[in-house]
Each structure stands twice: as C-alpha cells, then as structure tokens.
Amino acid sequence: SDPLARSVQYLKGVGPARAKAFQKLKVLTVGDLLEHLPRRYADYSNFKPIARAIHGEIETISGVVTGVFEHRPRKGLVITKVAISDGHGTAYGIWFNQPYMEKIFTVGTRVIFSGRVERQFGRIQMSKPEFEVIEEGSDPIHVGRIVPVHPGTAELNPRAIRTLVKVVADEYAHLVSEFLPESIRMRRNLIPAGQARAEIHFPPDEGGLDRARRRLVFEELFLLQLGLALLKRRFQIDVKGIPHGPDGELTRRFAASLPF
C-alpha cells in the first residue's frame, strides 16, 4: 500500500539481477533509493562554444551530430568517432572498443558532451565524454546540469543509477512524509521533505543544492536531539530510584563512629 516500500525490483529497467546488485548498496525499496545520496557532484551546467573549448579543461559543449564513424586500425581495436557541430566549430567524441556507441547517435540529432578537451592538429576531441542525446522537451540527466554521482558497484555504474534515481525522484519524492511542524520549517526557512529528496539528487542550481543539504542536515540533527530527549524523559518517568529505609541502629552506630 505504501509506494515508497515497493521493492526496487519492480521498477522499470531493474528486475531480479539488478535488484540483487542494489542489495549490496543496502537499497531494497523505492524509499531506500531516495535516501541513496550522491557521494559527489560534477558541474556540467556551463556550456562553452566548441571553438572556445580549452585544451586540458573539462568543458560542456552542445551541437548537432554531423557524422558517426567507425575505424578499425588493427585487430582487436575499434574506434568510434561522433562529430558534432554548433555552427562555429566541430568536436569529436571518441570511444574505444565500444562499437555499440555507433547505434546511439544519429546524424541530425542534438547532443551534449562533457569531458576533458584535447586539441590535436587543430581538431577538438573528447575521449569517452559524458553525453546526452537531447529530445524535444526532455530534461537532461547526465550533462548540461549539476550531475550527481552516486555510490555504485561493478554491476551498477553511476550512469545507470542516475537514470533510475531520476525516475524515482520525479515520481515518488513528493510522497515522502513531512514530519517537521510547519512552524519550525517556516522559522528555519526549510524546504519540504519531498523537495529536499528530489533536489539533493538533481539540484536545479547551487542554491537548490544548498537548500536540500540544509534541510537534510537539520532533519538529521533534529531527529538525533528528539531521540535523546525522549530517552531522557523515559528515564525520568519510568526509572525508579532505590528506596532507603528509615534511620535505625546501624545508622546511629555509624554516625557515632565518625570522628566529627
């Protein structure tokens, strides 16, 4: 009955094998996946014209695919090159021994590349860039924004996790229960619990990331202090003191033996 308690196995694109891999990350449910926070972020939000891309720097560029090429210089080596143009310059994304990349890119589609720029013989290229094929009305996930990098496993790379987390954040984050009183949230200027879960994974900007972090940090400290207060109150109410009997002969003799 609780969508957040639903097993990740039944999310589209997961299945039993991936669900088992998620178990290694202690992610069993949709709610667990929302709490599987990024370990770091890569800022791919600032676009650079291709002609102005700087050698050795990590840049984000966008353009239309003008060509897809496969080259086999020797046995056991396949080089796939994807050329993109923004009207003022051309750049190449290069992948080694990943021939399936040729099927991902189609001439005429718009894409975003993010990666370290190499200028060789006047040609601009990126080796194994992060990429996104842009469809009309789509929201980029892997580039063109502040991109989360989640802890993964050998079976689950950050790109695969990011794709699934985006679906969960969009469809389930608003279902997270709000337990902080509105008066506290207003006084502390805290965003709602569901919004914090969505924006900690996919912040709209640096300000959004700061808001999400602030809410989650406050939440953690609030729950810790609440737990300690409840524990203190339990001892005050439930724990009985040790009763002592009235003064008697032993008490009188002990007092008489004291040298003062």
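Values in this document were obtained by computation on a predicted structure and should not be read as measured data.

**Considerations on the overall build of the protein**
Of regular secondary structure, the protein possesses eight helices and eight strands. Taking 260 residues into account, the globule formula puts the C-alpha radius of gyration at 18 Å, and the protein, at 29 Å, lies well above it. With the principal axes as the frame, the protein shows a C-alpha extent of 105 × 45 × 40 Å. Looking at the protein as a whole, 38% of its 260 residues are labelled buried. By sequence separation, contacts in the protein at least 24 residues apart represent 55% of the contacts at least 6 residues apart. Surface exposure of the protein reaches about 16,200 Å², of which carbon and sulfur atoms provide 55%. One way to put it: in the protein the 38 positive side-chain charges average out to a point 5 Å from where the 29 negative ones average out.

**Regarding the confidence of the model for the protein**
Regions with low pLDDT should not have their predicted coordinates read in detail. Looking at the protein, the pLDDT average stands at 91 and 99% of residues meet or exceed 70. Within the protein, no element has a lower average pLDDT than helix H8 (residues 249–257), which sits at 86, and none a higher one than helix H6 (residues 193–201), at 97.

**Focus: the side chain of Arg197**
Tracing the backbone shows Arg197 in helix H6. Here Glu219 takes part through its side chain, which lies 2.6 Å from a polar atom of the side chain of Arg197. Setting aside residues up to four positions removed in sequence, Arg197 forms contacts with Leu34, Glu35, Ala173, Val176, Leu216 and Glu219.

**With respect to the layout of surface pockets**
In this model, the largest pocket occupies a volume close to 400 Å³. In terms of lining, the largest pocket is formed by 18 residues, of which the most central are Lys128, Pro129, Glu130, Arg159 and Arg162. Every element with two or more residues in the lining of the largest pocket is listed here: strand S1 (40–43), strand S7 (130–134), strand S8 (146–149) and helix H4 (158–172). Residue contributions to the lining of the largest pocket peak at three residues, all from H4. Split by residue class, the lining of the largest pocket holds ten nonpolar, two polar and six charged.

**Here's the deal with the packing of aromatic side chains**
Within this structure, the stated rule accounts for seven aromatic pairs. The interplanar angle of 90 degrees and the centroid separation of 6.0 Å between the aromatic rings of Trp95 and Phe131 together place this pair among those described as edge-to-face. Of this pair, Trp95 sits in strand S4 (residues 90–96) while Phe131 is found in strand S7, placing the two residues 36 residues apart along the sequence. The burial state of Trp95 is the same as that of Phe131; both residues are buried. Grouping aromatic residues by their ring pairs yields a cluster made of Trp95, Phe105, Phe113 and Phe131. Of note, Lys166 hangs over the ring of Phe202, and the distance from its end group to the ring centre comes to 5.6 Å. Of note, Arg215 hangs over the ring of Phe179, and the distance from its end group to the ring centre comes to 5.8 Å.

Cut-offs used in this document
Along each chain, the written sequence defines residue order, and numbers are assigned to residues from 1. Under the rules for a predicted model, residues below a pLDDT of 70 receive no local features and side-chain atom pairs below 80 are neither given nor counted, while totals for whole chains, interfaces and linings still include all residues. Computation of side-chain values: all heavy atoms of the structure, hydrogens and water removed. Elements are defined by DSSP. Helices are runs of H or I of four residues or more, strands are runs of E of two residues or more, and each kind is numbered from the N terminus. Atoms counted for the radius of gyration: C-alpha only. Globule rule: 2.2 Å times the number of residues to the power 0.38. A 1.4 Å probe rolled over the protein chains alone gives each residue an accessible area, and that area as a share of the maximum for its type sets the label: buried under 20%, exposed over 50%, partly exposed in between. Whether two residues touch is decided by their heavy atoms; if any such pair falls within 4.5 Å, the residues are in contact. Using a 1.4 Å probe, accessible areas were evaluated by the Shrake-Rupley method; residue-level cover was limited to the displayed protein chains. In this tally Asp and Glu are treated as negative and Lys and Arg as positive; neither His nor the chain ends contributes. Each charge is placed at NZ for Lys, CZ for Arg, CG for Asp and CD for Glu. Per-residue confidence from the predictor is reported as pLDDT, a score between 0 and 100. Polar contacts here mean pairs of N or O atoms no more than 3.5 Å apart (in protein, one a potential hydrogen donor and the other a potential acceptor; neighbouring residues in sequence count only if both atoms are side-chain atoms). Definitions used for this entry: grid spacing 1 Å over protein atoms alone; cavity, a set of points where a 1.4 Å probe fits but cannot get out; pocket, an open set with protein on both sides within 12 Å along at least 5 of 7 lines; lining residue, one with an atom within 4 Å of a point. Grid points are joined across faces, edges and corners, and a volume is the space filled by probe spheres set on the points. Note on residue classes: Ala, Val, Leu, Ile, Met, Phe, Trp, Tyr, Cys and Pro are nonpolar, Asp, Glu, Lys and Arg are charged, and everything else, Gly too, is polar. Two aromatic rings, drawn from Phe, Tyr or Trp (for Trp, its six-membered ring), form a pair once their centres lie within 6.5 Å of each other, and the interplanar angle then sorts them: stacked below 30 degrees, edge-to-face above 60, tilted otherwise. Working rule: Lys NZ or Arg CZ, within 6 Å of ring centre, within 35 degrees of ring normal, means a charge sits over the ring.

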